Amino acid sequence: MILKKYDYIFIGGGLSGLMMAHYMCQDDFFKNQSILIIDKSPKNTNDKTWCYWHNSQDDWDFLAYKKWNQVVFKSDAFFKIFKLLPYQYKMIRSIDFYEFVIGELQKNECVSFINDEVLEISENHQEVIIKGKQENYIGNKAFNSLLNTEILEQASNTYPYLKQHFVGWFIQTPKAVFNEDLVTFMDFSIPQQNNTRFIYILPFSKNHALVEYTLFSNDLLSFKEYEKGIEDYLKSAGIEDYTILEKEQGNIPMTAYPFQQKNTKHLFYIGSAGGWTKPSTGYTFYNTCKESKNLIEKLKGNTVNTLNKKHGFYDAIFIEVLYSYNYLGSKIFTDLFKKNTIKDLFLFLNSESSIYTELKIIASVPSFPFIKSFFKFYYKILKINILN
């Protein structure tokens, strides 16, 4: 059986695969190039909520379901409402993104979609061979967004692997109980239980909001524990009369693992599988925009440094601290928000800050755990380099 050969194959049709395919189809360099997008299921449900901050109108601004101009940070030791302008905090529903991007790609006769489960990926000197449950596929180049968490677990002694795990309720209340103009960015006033735990609230109106119980930690909870956390928080806020419209659950990798080292001439790892999730925050959408464009420029033969080594090192130390001192999360984030402007924090978390801003932020966090983690991580990397 002779298989059709594609110029580019995307293994996974989620955020990174669809966004990168979209950008490629807008570039004349890839005109008339065949593109195949493989995903085991059609993207026809609202399975994710993506948020990001930006200081101007961006490529995806028109898809924003809601925008906010202020956020609140809260812990037992600190409370402050931050005005974001010129930044805005933006939310995109995955279903809106899927419908728009897939609709645009379907207008291009060079783009094909197949629903299949990928079982195996191999490559030779000329192409990538993808074994699916239904059939096999061949591509000159392939982009894999399927994250293999076993690799992260195996490498966790060198690159600590935290998880940002959460359950969220979309709730409706009969009375006006939310400030629809104010995002609860992090509320650490809940029992920490020797972890880093907080409540995150996106209010869509005075009586409609997404309330999430979130942890940065090593181990997952039972579904009931997350829900109990949400229920207790709402009760403490005097919100006991509500209807749960929808639920969501997530587990985002937080790691400084060097994903880019797995890239080859023909096979590239993208999305969370390529390290496009910001390790220290778990935010993915804005990084995916930047990294998609960078990889496209690389495919065109342009020189692009997709790896910001300086901020990658900051992320690695931060993950090392939270991994070893998970009970300090509330204090660390309190110091960050108490001693820095929101603009400086956003620049830093987007890996766009200056060295002056970075030094201020580094000086604002507890010194002992960061110094100890710095030497611990440095020693592990040095040991790897010596052994190799």
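As a convention, each chain's residues are numbered from 1 in the sequence order in which they are written. Totals for whole chains, interfaces and linings use every residue, but because this is a predicted model, local features are given only for residues with pLDDT of at least 70 and side-chain atom pairs only at 80 or more, for both listing and counting. Hydrogen atoms and water are omitted, and side-chain values are computed over all heavy atoms in the structure.

*Asks:* Tell me about the packing of aromatic side chains, and name the residues and values.
*Replies:* By convention, a stacked pair of Phe, Tyr or Trp rings (six-membered ring in the case of Trp) has centres within 6.5 Å and planes under 30 degrees apart, an edge-to-face pair has planes over 60 apart, and any other such pair is tilted. This structure, assessed with the given rule, holds 46 aromatic pairs. With centroids separated by 5.0 Å and ring planes inclined at 75°, the aromatic side chains of F29 and F30 adopt a geometry described as edge-to-face. Looking at F29, the relative accessible area reads 44%, which means it is partly exposed. On the basis of an interplanar angle of 40° and a centroid distance of 6.2 Å, the ring pair of F73 and F78 is categorised as tilted. The cut-offs for exposure are 20% and 50% of the maximum accessible area for each residue type, with area from a 1.4 Å probe on protein chains only; residues under the lower value are buried, those over the upper are exposed, and the others partly exposed. What makes F73 buried here is its relative accessible area of 0%. F78 gets classed as buried once you look at its relative accessible area, which sits at 14%. Lysine NZ or arginine CZ positioned within 6 Å of the ring centre and within 35 degrees of the ring normal marks a charge as sitting over the ring. The aromatic ring of Y65 is capped on one face by R93, whose charged end is 5.2 Å from the ring centroid. In this arrangement the basic side chain of K262 is found over the ring face of Y269, its NZ or CZ atom lying 4.1 Å from the centre.

*Asks:* Run through helix α8 (residues 342-349), naming residues and quoting values.
*Replies:* Elements are defined by DSSP. Helices are runs of H or I of four residues or more, strands are runs of E of two residues or more, and each kind is numbered from the N terminus. Among the eight residues of α8, six are classified as buried, and the element is accordingly described as predominantly covered. Within α8, burial applies to I342, D344, L345, F346, F348 and L349. On the buried face of α8, the contacting elements are β3 (49-54), β6 (79-83), β13 (183-187), α6 (309-324), α7 (329-339) and α9 (355-363). Just past α8, the residue S351 takes up positive phi, approximately 60°. Note on contacts: a residue pair is in contact if any heavy atoms of the two residues lie within 4.5 Å.

*Asks:* Could you give an account of the sheet that holds strand β14 (residues 196-205), with specific residues and numbers?
*Replies:* Sheet architecture is open: seven strands sit in the order β6-β5-β13-β14-β15-β12-β16, paired in mixed fashion. Where the open sheet ends on each side, the last strands, each with one partner, are β6 and β16 (243-254). Between one strand axis and the next, the sheet turns through 15° on average, direction left out of account. Where strand β5 (residues 70-74) lies against β6, five bridges are found, and the strand directions are antiparallel. Bridge pairing links Q70 to K83 in β6. We treat two strands as partners when DSSP finds at least two bridges between them. Every axis in this analysis is a line fitted to C-alpha atoms, fitted for helices over the stretch in contact. Angles between the N-to-C directions lie between 0 and 180 degrees.

*Asks:* Talk me through the sheet that holds strand β7 (residues 88-93); I want residue IDs and the actual numbers.
*Replies:* Spatially, three strands are ordered β3-β7-β4 in an open sheet, and the strand pairing comes out antiparallel. Looking at which strands have only one partner, the edges of the open sheet turn out to be β3 and β4 (66-68). In this sheet, adjacent strand axes meet at a mean angle of 20° when their direction is disregarded. By the bridge criterion, three bridges tie β4 to β7 in an arrangement that is antiparallel. Residue pairing across strands places W68 opposite Y89, the latter belonging to β7. Taken strand by strand, helix α2 (residues 94-106) contacts β3 and β7, and its axis lies near 70° from that of β7.

*Asks:* Would you mind going over the packing of α6 against α9 in detail, with residue names and values included?
*Replies:* Relative to each other, α6 and α9 sit at 10°, their axes nearing to 13 Å. The orientation of α6 with respect to α9, classified from their angle, is roughly parallel. Along the contact surface, α6 presents K310, H311 and Y314, while α9 presents I355, E358 and I362. Small angles under 35 degrees read as roughly parallel and large ones over 145 as roughly antiparallel, with 65 to 115 read as roughly perpendicular and the rest as oblique.

Honestly, it's all geometry; don't read function into it.
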